[in-house]
Amino acid sequence: MAKELWEGNAALAEAAIRAGVEAFFGYPITPQTEVLEHFSKRMPELGRVFLQAESEVAAINMVYGAACAGARVMTSSSSPGVSLMQEGFSYIACSEVPAVVTNIMRGGPGLGNVQPAQGDYFQAVKSAGHGDFHMIVLAPANVQELIDLTVLAFDLAEKYRTLAMIVADGSIGQMMEPAEMPPMRPVRPPEERPDWALTGAKGRDPNIITSLYLGAENLERVNLRLQAKLKKIAANEVRWKEYSTEDADLLLVAYGTVGRICQTVVREARRAGMKVGLLRPITLWPFPSKRIAELAEQVRGILTVEMNAGQMVEDVRLAVEGRCTVRFYGRMGGVIPLPDEILPELEKLDAECR
Amino acid sequence: MQEAGRKIQEEIIISGFGGQGALFAGQLLAYAAMDQDLHVTWIPSYGPEMRGGKARCTVVISDEEIGSPLVRRPSAAIVLNIPSMEAFEPAVKPGGVLVVNSSLIPQKSERDDIRVIYVPASDIASDMGNIRLANVVCLGALVQALGVLPLEAIEKALDEHLPERHRELLELNKEALRRGAEYGER
């Protein structure tokens, strides 16, 4: 298929449709309302379900219900709306049903504003909801990656019966870029629902899906099973991209919008004679800790750049374990750091680690 | 249009009031660049929107994978109104191009390190019968001055992407593009 100019939010919705999503439940919020707009037009055309719920709390519980019935299902929101969904995330995680959610992050805390930000890293990666669990967290940096990772999110969610979250920000949602859509996958017919799904139990024993396990040892067994699954995901599903790291002696670590901005920083720093490389995490959980640890042996220093007060930098430090200097630069409240302010930070790091 | 081996990298800001067509002019650039197999990003400034409010987009066109879709100092800008002139006239990189809608912007640039093209775009558009063509007049001047995209690529983008409700204005848009291009010639 040829490349077309896609707006990020519309591309995200269309990619989910191509991936065979059967139902979308959501509630509008800037800067991702175009996701709902696209679904609201396309899903009825295709005979699939689009439903605007009365709130984010309702939307995530509709997702939970449809997922229990074995449907490919998703919701989408932005920071304050995602906070409202967190109870549902925890129930879904414990029930071990697959679902895809997106967070097109905006400035916070509170109602904040609608400008692009990455303040929800901790929420997505460390604190998706109450109890012990992680979501798979995918962080695209451009529209093509947004499309590809949306399709991947469904596949991973079903492979591991878990939650997969796409985290982007308003600038990826609002921007347009040439990109290619995958071919349309058919919606899974009802007779091909997974064998754990709640489909009516005709001619078989009933399936039970629950997140309520009374009795400590009972619930610990469930937790041990969840942890074993998360360990498997951590071992198999780490993704990242590297730029000019082969001979780098300084390393940038950044993801999403500021990750691609750091690609420009690498080019400019190289033109100025600095040997700078970039590692851009694509999965924020599981985190590319092992690769960062390897690179920490090679480089003199690491600069982590984020659109927040310094969140992912904690995971970078955990990975580096003191092997080299780790510094942070970030902007908050919806301000996007640009190359001309990141470059001097690199120069400072360079001087510091001589 | 491009000499073999020359690197292509343009960062273009188009800025005006909501309703002046700054965002659409940027999209035309993006479609045309994609058609020429170049990398391109189009990103609007977004937020609470209203007619008469600020409207701005940044278009980056490159022959290599685009890192930052945003720039503080563009290589070119189209300013459609006075606030945009005040914001972006000082920002254009030395050696860059500034297209000024001189129908609505009386002041002159004091910069001698950029090429400033004054186009009475709103007057030209009014003479043609539709003041809303001013964005395309300015785009014609910019495209001609930059020389990284052929005018025909913008015409093709108009053919394919002018919204259905403005279809009867297709030929007028192309005419506006050519009228603007005359100002972009050296």
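**Q** Which residues make up the interface of chain A and chain B, and what are the values?
**A** Listed by partner, the interface residues are 25 residues for chain A and 20 residues for chain B. Both sides of the chain A and chain B interface together cover about 2000 Å² of buried area, and 59% of this is carbon and sulfur. Looking at the side of chain A facing chain B, the largest losses of area belong to A:Leu5, A:Met176 and A:Arg267, adding up to 28% of the total buried there. Where chain A packs against chain B, one counts three salt bridges. As a salt-bridge pair, A:Arg267 and B:Glu64 come within 3.4 Å of each other at their nearest N and O atoms. Where chain A packs against chain B, one counts nine residue pairs in polar contact (both at pLDDT 80 or more). Contributing elements (two or more residues each) for the side of chain A that touches chain B: strand 1 (4-7), helix 7 (170-174), strand 8 (176-179), helix 9 (256-271) and helix 12 (339-352) of chain A. Per element, the largest residue contribution to the side of chain A that touches chain B is five residues, and it comes from helix 9 of chain A. In the side of chain A that touches chain B, the residues fall into 12 nonpolar, six polar and seven charged.

**Q** Can you break down the side chain of B:Asn81 residue by residue, with the values?
**A** Residues and elements named next belong to chain B. Here Asn81 is to be found in the loop between strand 4 (76-79) and helix 2 (82-88). A distance of 2.5 Å separates polar atoms of two side chains, one belonging to Asn81 and the other to Ser84. Other than its neighbours up to four places away in sequence, Asn81 contacts Ser15, Gly16, Phe17, Gln20 and Ile105.

**Q** Can you lay out unusual backbone geometry for me, pointing to particular residues and giving the numbers?
**A** All names here are of chain A. The omega angle of the peptide bond from Thr30 to Pro31 is 10 degrees, so this bond is cis rather than trans. Residue Pro109 is reached from Gly108 by a cis peptide bond, and omega for that bond is 0 degrees. For Pro109, the position within the fold is in the loop between strand 5 (99-105) and helix 5 (121-125). In the Ramachandran plot, Ala201 falls in the positive-phi region, its phi being about 60 degrees despite a non-glycine side chain. Along the chain, the position of Ala201 falls in the loop between strand 8 and helix 8 (216-236). What makes Ala201 partly exposed here is its relative accessible area of 26%.

**Q** Residues and numbers for the sheet that holds strand 10 (residues 250-253) of chain A, please.
**A** Residues and elements named next belong to chain A. Taken in spatial order, the five strands line up as 9-11-10-13-14 in an open sheet, and their pairing is mixed. Both edges of this open sheet fall to strand 9 (240-243) and strand 14 (325-330), since each of them pairs with a single strand only. Between one strand and the next, the sheet's axes are offset by a mean angle of 20 degrees, whatever the strand orientation.

**Q** Requested: an account of helix 3 (residues 56-68) of chain A, with residues and values cited.
**A** Residue pairs spaced three or four apart in an α-helix point in one direction, given the helix's 3.6 residues per turn. All names here are of chain A. The end-to-end C-alpha separation of helix 3 is 18 Å, in line with the 18 Å expected for 13 residues at 1.5 Å each. Residues of helix 3 that are buried include every one of Glu56, Ala58, Ala59, Ile60, Val63, Tyr64, Ala66, Ala67 and Cys68, and no others. Of the surrounding elements, those touching the buried residues of helix 3 are strand 2 (23-26), strand 4 (73-77), helix 4 (79-95) and strand 5. The residue sitting at the N-terminus of helix 3 and contributing the capping side-chain oxygen is Ser55; that oxygen lies 3.3 Å from the backbone nitrogen of Val57. The positive-phi residue at the C-terminal boundary of helix 3 is Gly70, with phi of around 90 degrees.

**Q** Which residues make up the packing of helix 4 (residues 134-146) of chain B against helix 6 (residues 170-184) of chain B, and what values go with them?
**A** Residue and element names in this part refer to chain B. With their axes 6 Å apart at the nearest point, helix 4 and helix 6 run at an angle of 45 degrees to one another. Taken together, helix 4 and helix 6 sit at an angle that is classed as oblique. Between helix 4 and helix 6 the crossing geometry is right-handed. Each of Val136, Val137, Leu139, Gly140, Ala141, Gln144 and Ala145 in helix 4 lies in contact with helix 6, whose residues at this interface are Asn173, Ala176, Leu177, Gly180, Ala181, Tyr183 and Gly184. The class makeup of the residues in the contact of helix 4 with helix 6 is nine nonpolar, five polar and no charged.

**Q** How would you summarise the pattern of salt bridges if you had to cite specific residues and measurements?
**A** Residues and elements named next belong to chain A. Under the definition given, this model contains 38 salt bridges over all chains. Between Glu45 and Arg42 there is a salt bridge, with the nearest N and O atoms lying 3.3 Å from each other. You can see Glu45 and its partner Arg42 sitting in helix 2 (residues 33-45), three residues apart, about one turn around the helix. Classification of Arg42 as buried rests on a relative accessible area of 18%. Here Arg323 ties to Glu297 by a salt bridge, and the two come within 3.1 Å at their closest N and O atoms. With a gap of 26 residues between them, Arg323 in the loop between helix 11 (312-320) and strand 14 and Glu297 in helix 10 (residues 289-298) connect regions that are remote in the sequence. Overall, the relative accessible area of 36% leaves Arg323 in the partly exposed class. Residue Glu297 is classed as exposed on the basis of its relative accessible area of 59%. Sharing partners across several salt bridges, the network here consists of Arg72, Asp155, Glu158, Arg185 and Arg188.

Each value, and the rule that gives it
- Residues numbered from 1 in each chain as written.
- Chains lettered and ligands numbered in written order.
- Predicted model: local features only at pLDDT ≥ 70, side-chain atom pairs only at ≥ 80, totals over all residues.
- Heavy atoms only, no water.
- Contact = heavy atoms within 4.5 Å.
- Buried area = accessible area lost by both parts, 1.4 Å probe.
- Salt bridge = Lys/Arg side-chain N within 4 Å of Asp/Glu carboxyl O.
- Polar contact = N/O pair within 3.5 Å; in protein donor to acceptor, adjacent residues only side chain to side chain.
- Helix = DSSP H or I, 4+ residues; strand = E, 2+ residues; numbered from the N terminus.
- Nonpolar A, V, L, I, M, F, W, Y, C, P; charged D, E, K, R; others polar.
- Buried < 20%, exposed > 50% of the residue type's maximum accessible area, 1.4 Å probe, protein only.
- Pairing = 2+ DSSP bridges.
- Axes fitted to C-alpha atoms, helices over the stretch in contact; angles between N-to-C directions.
- Expected span 1.5 Å × (residues − 1).
- Parallel < 35°, antiparallel > 145°, perpendicular 65-115°, else oblique.
- Left-handed = near helix turned anticlockwise from the far one by under 90°.

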